[in-house]
Amino acid sequence: MAFCCVGVPPETPMHTPSSTGSGAGGFGAYQWRLLTFVCFGWMIDGMEMYVMSLLLPELPDSWGLNDVKRGVLGGSVFVGMTIGAVGFGSVSDRVGRLTVVRITILLALVTGLLCAAAQSMVSLMLMRGAFGVMVGGLLPALITLLTESMPSGAAGASVGLTQNMFAVGGMFVSGIAAAVLGGMGWRWLLFFSGLPLLLCFPFFIPGYILESPMWLAATGRREAADRVVSTIAATNGEPQPALLSVRAVDPPRSFVQQLRQLFGTHKALTLPLMPLWALLSWGYYGIVFVLPTYLNRHIPHESEYIGALPSPSRLHGILPHTTHVSPTPHPRTQSFARAFLSTLGHSHNLPLAHKTLPILTGVLLTALAEIPGCTLGGFAADRIGRKSVMIASFSGSAVMAFVTGVVAILIEQTGVSWIWLLLSACALKSFLSSAFIVVTLYTAEAYPTLVTNFGYGFCNAFTRLSATLTPTVGQMLLDHATSFVTFASYSVGCAAAAVLSAFLPFETLGRNADAAQRATGPKETSPLQK
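Computed from a predicted structure; not experimentally measured.

S.K.: Looking at this structure, I do not really get the nonpolar core. What am I missing?
M.R.: Where a protein is soluble and globular, its nonpolar side chains tend to be buried together. Within the largest apolar cluster, 107 residues are counted, with the highest numbers of intra-cluster contacts made by Phe203, Leu273 and Phe394. No other element matches helix 10 (residues 267–298), which puts 14 residues into this core. With near-sequence residues (within four places) excluded, Leu273 lies in contact with Tyr442, Thr443, Tyr447, Cys459 and Leu504. One finds Met47, Leu55, Leu56 and Trp63 within the second-largest nonpolar core, a separate group that totals 23 residues.

Now the structure itself:
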């Protein structure tokens, strides 16, 4: 099996970490070890994406927060993530993936815990922004380390598994919020939400998690790369691989040089990937934020709907043993419900009358719909290719966003059953989750090793920027246009992403990005040579 990112075509054999067969270390115990702790990183990302929506209503009145200030405070972490993805992506290609992982974990733990001690809006905003910088730098380094240490035939499924942990992190932080907000307060929510970073301590154990052999080889550290691949093979019980033969190449020495590579040598790749990431975020976060707002406006509260499924009283005769739900939930249930709804992207201001814990199962289904999308998308990408699955995922998303808009109109005009809205929303989120997996995988594989992390972080930053604008624009569309136009805008965005996917310059499954650059680019930039 070939290491992902640099799978070598049969006609181009190379004695590198990307060489085919078990000589590259294979897949086994080491990959499972690495995958486990990368999953923890994505769980932390899921927690931090939603913790501010749980936190903002609990901040003290003495801070004088209005809607604008709350928006600035909530957006500070997104701004930080954008800076971190680009900045630490640049650093990672120069000093190594594992070094950046360790730095960002340590500083994220410190800044995350300091958030709990904030004494004003400004201090909390600065700390949350700094925390976002660290998390934004951590995730691209984790994905790059994973894909460069993973056989290409297992890379898609592995990335899909890590993305599933995003939802797990959101649900976990909702549980923390339900436990502490009622009595202990918002500072303890921030404190406990930062502690899971301690789960990443194995990255600091010498020899337990290893540096990317691809990065070591590309920067001329032949002996270190040999040791890493040999250690992986021994851990997996595979035969010892042959020694690597590489030519030392200096990585770009400055941020400007890296930008020149992205928009010079790799312009045909970077230019479509930037809007592709932005459109992906537009569709995904648009549905996440707009759908509950639409449901809250158009579902009568007396019908006991929870933004997806009808209440037990409406299901009488369909589901056995349903009982009437009290219109006023217990305060503890309300606390959990707000946390849970926020975790799934629902506004914390949704009225909770008639929206008790049993009915939250309906909302849970729309979140769980992402799991088959992530899993099947990753599996299919390993079998039939990244571009094909990407095009199919965006095309399916465009169709289902259009269908969701049609169903929304039918609900308003004809009273069609809300179960159809649930089904279309679940299918849409599944397709979008699949697209997220494959775009992540493609971007991490497409660039040569010495600009892989910077290229991924730079393009991924457009997701964070788009996510800061999507809720506001979606709200404006709902206020000043029809619901169909709102959902159709996401359909158009996904269709445009499908077209951009078709124009990506190459397929990355089984492709050696370093060898391809050596074959087409200047010889002085070749990072690997037999």
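S.K.: I'm lost on the packing of helix 14 (residues 386–414) against helix 17 (residues 483–502) in this one. Help?
M.R.: Each pair of packed helices gets described by two things: the angle between the helix axes and the distance between those axes. The geometry of helix 14 relative to helix 17 is characterised by a closest axis approach of 8 Å and an angle of 170° between their N-to-C directions. Of the possible angle classes, the one that applies to helix 14 and helix 17 is roughly antiparallel. Taken together, the residues of the contact of helix 14 with helix 17 break down into 17 nonpolar, seven polar and two charged.

S.K.: What exactly am I supposed to notice about helix 15 (residues 419–446) here?
M.R.: Because an α-helix packs 3.6 residues into every turn, residues spaced three or four apart end up facing the same way. The terminal C-alpha atoms of helix 15 lie 41 Å apart, and with 28 residues this matches the ideal 40 Å at 1.5 Å per residue to within 8%. Counting buried positions along helix 15 gives 23 out of 28 residues, so the element sits mostly inside the fold.

S.K.: Before we go on, may I ask you to explain the environment of Leu410 in this structure?
M.R.: With respect to the helices, strands and loops of the structure, Leu410 is situated in helix 14. Residues Leu410 and Phe484, 74 residues apart in the sequence, show an inter-C-alpha distance of 9.7 Å. Sequence-distant contacts of Leu410, that is, excluding residues within four places in its chain, are made with Gly415 and Val416.

S.K.: Explanation requested: the pattern of salt bridges in the structure shown.
M.R.: Any two side chains of opposite charge can pair, so long as their charged atoms come close to each other. Counting across every chain of the model gives seven salt bridges. Salt-bridge contacts for Lys429 lead to Glu370; the nearest nitrogen and oxygen are separated by 3.3 Å. Of this pair, Lys429 sits in helix 15 while Glu370 sits in helix 13 (residues 370–384), and the two are 59 residues apart along the sequence. When sorted by exposure, Lys429 lands in the same class as Glu370, which is buried. Taking the shortest distance from any N to any O, the salt bridge between Arg386 and Glu445 comes out at 2.6 Å. With Arg386 in helix 14 and Glu445 in helix 15, the pair connects residues that are 59 residues apart, well separated along the chain. Given the relative accessible area of 0%, Arg386 is considered buried. Where salt bridges share partners, they join Asp93, Arg97 and Glu148 into one cluster.

The rules behind the values
Residues numbered from 1 in each chain as written. Predicted model: local features only at pLDDT ≥ 70, side-chain atom pairs only at ≥ 80, totals over all residues. Heavy atoms only, no water. Core = buried A, V, L, I, M, F, W, Y, C linked by side-chain atoms within 4.5 Å. Buried < 20%, exposed > 50% of the residue type's maximum accessible area, 1.4 Å probe, protein only. Helix = DSSP H or I, 4+ residues; strand = E, 2+ residues; numbered from the N terminus. Contact = heavy atoms within 4.5 Å. Axes fitted to C-alpha atoms, helices over the stretch in contact; angles between N-to-C directions. Parallel < 35°, antiparallel > 145°, perpendicular 65-115°, else oblique. Nonpolar A, V, L, I, M, F, W, Y, C, P; charged D, E, K, R; others polar. Expected span 1.5 Å × (residues − 1). Salt bridge = Lys/Arg side-chain N within 4 Å of Asp/Glu carboxyl O.

Shape is all these values report; function is a separate question.
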